[in-house]
Amino acid sequence: MTGTYPTDEYCIFCRIIARNAPAKLRYESEHVVAFDDHRPKAPTHVLICPKGHYPTFMETPDEVLAQLEAEIKIVAERLGVGERGFRMVVNNGRESGQLVFHLHYHLLAGTVMGF
Ligand code: AMP
Ligand code: ZN
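Residues numbered from 1 in each chain as written. Chains lettered and ligands numbered in written order. Predicted model: local features only at pLDDT ≥ 70, side-chain atom pairs only at ≥ 80, totals over all residues. Heavy atoms only, no water.

### Details of the pairing of strand E3 (residues 44–50)
So, step 1. With respect to burial, E3 is a largely interior element, six of its seven residues being buried.
So, step 2. Bridge count between strand E2 (residues 32–36) and E3: five bridges; the pairing is antiparallel. What sits directly across from Asp 36, in E3, is Val 46.
So, step 3. In the sheet, E3 pairs with strand E5 (residues 105–109) via five bridges, with the strands oriented antiparallel. The partner of Thr 44 across the bridge, within E5, is Ala 109. (Buried < 20%, exposed > 50% of the residue type's maximum accessible area, 1.4 Å probe, protein only. Helix = DSSP H or I, 4+ residues; strand = E, 2+ residues; numbered from the N terminus. Pairing = 2+ DSSP bridges.)

Okay, here's the thing in structure tokens:
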């Protein structure tokens, strides 16, 4: 992976990554950012994204997914939920309910979750 990545000027997550839109950042590295979901569905609800603009999980290169998943472990540790447990959710495509078409993993934690 290189330091350059695709972006979309109309994408809200690209705008957050470029610091052109506000967000509570929880983690940042060369390839990945994590920030609070602005409508949290759990006490901890963080969105973890590649910096590159890939609209869906299916369109994301395998090496980007591998890097992202490795860093999700780091984010979980930093948030203090690595041991206690957390849920990861990825919506992929229209019928999944995906609203923002920049790949993101939801990390939900801080309460006992039913299915
Ligand atoms: P999804 O259905 O997986 O595309 O979910 C998109 C998520 O992004 C939702 O949980 C929204 O609350 C969240 N979201 C949308 N815009 C923003 C924003 N500007 N800052 C933080 N979270 C956002
Ligand atoms: Zn984007």
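### A closer look at the coordination of the zinc ion (ligand 2)
So, step 1. The zinc ion (ligand 2) binds to the protein through Cys 11 (SG), Cys 14 (SG), His 53 (ND1) and His 102 (ND1), with metal-donor distances spanning 2.0 to 2.3 Å.
So, step 2. Around the zinc ion (ligand 2) sit four donor atoms; with metal-centred angles ranging over 105 to 117°, the donor geometry is tetrahedral.
So, step 3. Donor residues binding the zinc ion (ligand 2) come from one chain and are separated in sequence as C-x2-C-x38-H-x48-H. Of the two residues, Cys 11 is situated in the segment before helix H1 (12–17) and His 53 in the loop between E3 and helix H2 (62–79); the sequence distance between them amounts to 42 residues.
So, step 4. Residue Cys 11 is classed as buried on the basis of its relative accessible area, which comes to 7%. (Donors = N, O, S within 2.8 Å, 3.2 Å for Na, K, Ca; no water. Tetrahedral: all angles 85-135°; square planar, octahedral: opposite > 155°, others 65-115°.)

### Thoughts on the sheet that holds E5
So, step 1. Across the sheet, which stays open at both edges, the five strands sit in the order E1-E2-E3-E5-E4 with antiparallel pairing between neighbours. Looking along the sheet, the strands with just one partner apiece sit at the ends: strand E1 (25–28) and strand E4 (87–89). Taking the axes of each pair of neighbouring strands and ignoring which way they run, one obtains an average angle of 20° across the sheet.
So, step 2. Contacts between H2 and the sheet are confined to E1, E2, E3, E4 and E5, with E3 contributing the most and set at about 150° to the helix. (Axes fitted to C-alpha atoms, helices over the stretch in contact; angles between N-to-C directions. Contact = heavy atoms within 4.5 Å.)

### With respect to the nonpolar core
So, step 1. Residues Ala 34, Ile 48, Leu 68, Tyr 105 and Leu 107 are the most contacted members of the largest nonpolar core, which totals 15 residues.
So, step 2. Where this core is concerned, the elements lending two or more residues are E2, E3, H2 and E5.
So, step 3. For this core, the element with the highest residue contribution is H2, accounting for five residues.
So, step 4. When sequence neighbours within four positions are dropped, the list of residues in contact with Ala 34 reads Lys 24, Leu 25, Arg 26, Tyr 27, Val 46, Leu 47, Ile 48 and Val 75.
So, step 5. Core analysis: the next-biggest nonpolar cluster, separate from the first, contains 10 residues, Phe 13, Cys 14, Ile 16 and Cys 49 among them. (Core = buried A, V, L, I, M, F, W, Y, C linked by side-chain atoms within 4.5 Å.)

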